[in-house]
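So you can see what is in the structure, the chains are spelled out below.
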Amino acid sequence: MEKQSILYSYGFDKETKTSKHNIFKNYLSRKSIFKNKEFLLSSFIPDEILHRDKEIMEISSIIAPSLRGYKPNNIFIYGGVGTGKTICIKKVLEQLNEISLQNKSNIKTIYINCKMKRVADTEYRLLAQLLNEVGVLVPDTGLPTDVLYKKFFNEIDKKKQIILIVLDEIDALIRKVGDEFLYNLIRINSELNNTKISVIGITNDLTFTNYLDARIKSSLGEEEIIFHPYNAMQLRDILKQRAKEAFNKNTIKINIINKCAAIAAQEHGDARRALDLLRVAGEIAERENSSEILEKHVNIAEEKIELDTIIETIRSLPKQSQAILYAIINNKSENKISTKEVFSEYKKICLKNNLRVLTQRRVSDLINELDILGIIDTKVISKGRYGRTREISLLITNDILDNAKKILIPIFE
Ligand SMILES: Nc1ncnc2c1ncn2[C@@H]1O[C@H](COP(=O)(O)OP(=O)(O)OP(=O)(O)O)[C@@H](O)[C@H]1O
Ligand SMILES: [Mg+2]
């Protein structure tokens, strides 16, 4: 839809005399598609978590002994994006806290999302956060970390208790601060007299375990729980449950929910993606002044989300990968280019921008990563007796290409 027609559908038509009518009147007089959009946000935790009974039972049976004062095994939870890991653990912690309060059990639960800025980006901040959780305030900077460790362990050992520390998105933590922190946390149990610590690590990225010391890997993985992707039927139930609360009556039919569920199931079985699709489709329908969400709104929503995701991926690439992508984009001569051509263009970009030139081998690895991210496609082709070479082509639409240039040109030109 053109921008102009969106404006008119809001009631900003040419005839409106702004002096006579309030320009927002039409907007308010219309029935909204949404009853309460918050139910579609990914931060929302529904009362009932669907299709995860098995996983919730598994986690709760491992940590239940804490109610009788025993240290539960450490748990490692793994599963793809949007498979419900975070909401399940939050639900389990909520219920554990509730019952331990009734039961007067000495259990303390600490949940930390390691991707949160200013929480777990340095060992210092992470320790400060843990100390904060047990009621000890420390300055933002300045103390040696071993002092912080000591303070934390002294504080928690003052009384007999079990402490469950959930490190959600633990891969981000390991990448930023290494694995020593985990090692200290797990090892300390043997030195504490009263308190026992159990760690629950959650991730959607298994590759980070390559960076883990073997001992840490095995103690963190005392228990392993895997969250599998949702299928279309499960996603449909999840969407139905949320749609009931989120939309006004008669604004959405079951075929729309099925469509969103099917699209998300085909991708990664990701409930967040399915909910986003439904929300964005609703927003588009509302903007178009439609009284209900139609299939075409879901199609537009799908494109918009894909565009936003790829743009965000490009924006957050490391600078070296951005330089390589820019080298590929810059090669206007043909659709397909070879690694060698990319490398020579890349070198020029580096020199112009005072960027360290990586080896061709490293560049080749980074090209592979761009392929995995779905931004480019690479094919190995045989050149007969001249050996083999890789052909690289861009996988992104012109729309995305324009946006990518808007991001990269200011960085490299
Ligand atoms: N079984 C479910 N029932 C209801 N809502 C769900 C369910 N699973 C996921 N959701 C919803 O989907 C969204 C994503 O779930 P969640 O944040 O738990 O995923 P995750 O596995 O932690 O993903 P990530 O690896 O990206 O952190 C949330 O909005 C959550 O409310
Ligand atoms: Mg999560």
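Look a little higher up for the structure.
Residues numbered from 1 in each chain as written. Chains lettered and ligands numbered in written order. Predicted model: local features only at pLDDT ≥ 70, side-chain atom pairs only at ≥ 80, totals over all residues. Heavy atoms only, no water.

Some words on the pairing of strand β7 (residues 376-382)
Working step 1: By the bridge criterion, seven bridges tie β7 to strand β8 (residues 388-394) in an arrangement that is antiparallel. Bridge pairing in β8 links Thr-378 to Ile-392.
Working step 2: Connecting the antiparallel pair β7 and β8 is a turn made up of five residues, with Gly-384 showing a positive phi of about 60°. (Pairing = 2+ DSSP bridges. Helix = DSSP H or I, 4+ residues; strand = E, 2+ residues; numbered from the N terminus.)

Some points on the nonpolar core
Working step 1: Core analysis: the largest hydrophobic core is formed by 39 residues, its most contacted members being Phe-152, Ile-165, Leu-167, Leu-173, Phe-181, Leu-182 and Ile-197.
Working step 2: Only β2 (107-113), α5 (123-133), α6 (145-156), β3 (161-168), α7 (170-177), α8 (180-187), β4 (195-203) and α9 (214-220) provide two or more residues apiece to this core.
Working step 3: The greatest single-element share of this core, amounting to six residues, is contributed by α5.
Working step 4: Once residues lying within four places of it in the same chain are set aside, the contact partners of Phe-181 are Glu-123, Leu-126, Leu-127, Leu-130, Tyr-149, Leu-167 and Leu-173.
Working step 5: In this structure, Ile-311, Tyr-326, Ile-328 and Ile-375 belong to the second largest nonpolar core, which totals 33 residues. (Core = buried A, V, L, I, M, F, W, Y, C linked by side-chain atoms within 4.5 Å. Buried < 20%, exposed > 50% of the residue type's maximum accessible area, 1.4 Å probe, protein only. Contact = heavy atoms within 4.5 Å.)

Remarks on the environment of Phe-76
Working step 1: Mapped onto the elements, Phe-76 comes out in strand β1 (residues 75-79).
Working step 2: Residues Phe-76 and Leu-167, 91 residues apart in the sequence, show an inter-C-alpha distance of 9.8 Å.
Working step 3: Residues within four places of Phe-76 in sequence aside, it is in contact with Gly-201, Thr-203, Leu-206, Phe-208, Thr-209, Leu-220, Gly-221, Glu-223, Glu-224 and Ile-225.

Description of the sheet that holds β7
Working step 1: Strand order in this open sheet of three strands is β6-β8-β7, and the pairing throughout is antiparallel. Strands with a single pairing partner mark the edges of an open sheet, and in this sheet they are β6 (337-338) and β7.
Working step 2: Where β6 lies against β8, two bridges are found, and the strand directions are antiparallel. Counterpart to Ser-338 in the pairing with β8 is Glu-391.
Working step 3: Each of β6, β7 and β8 touches helix α14 (residues 319-330); the most contacted strand, β8, lies at about 85° to it. (Axes fitted to C-alpha atoms, helices over the stretch in contact; angles between N-to-C directions.)

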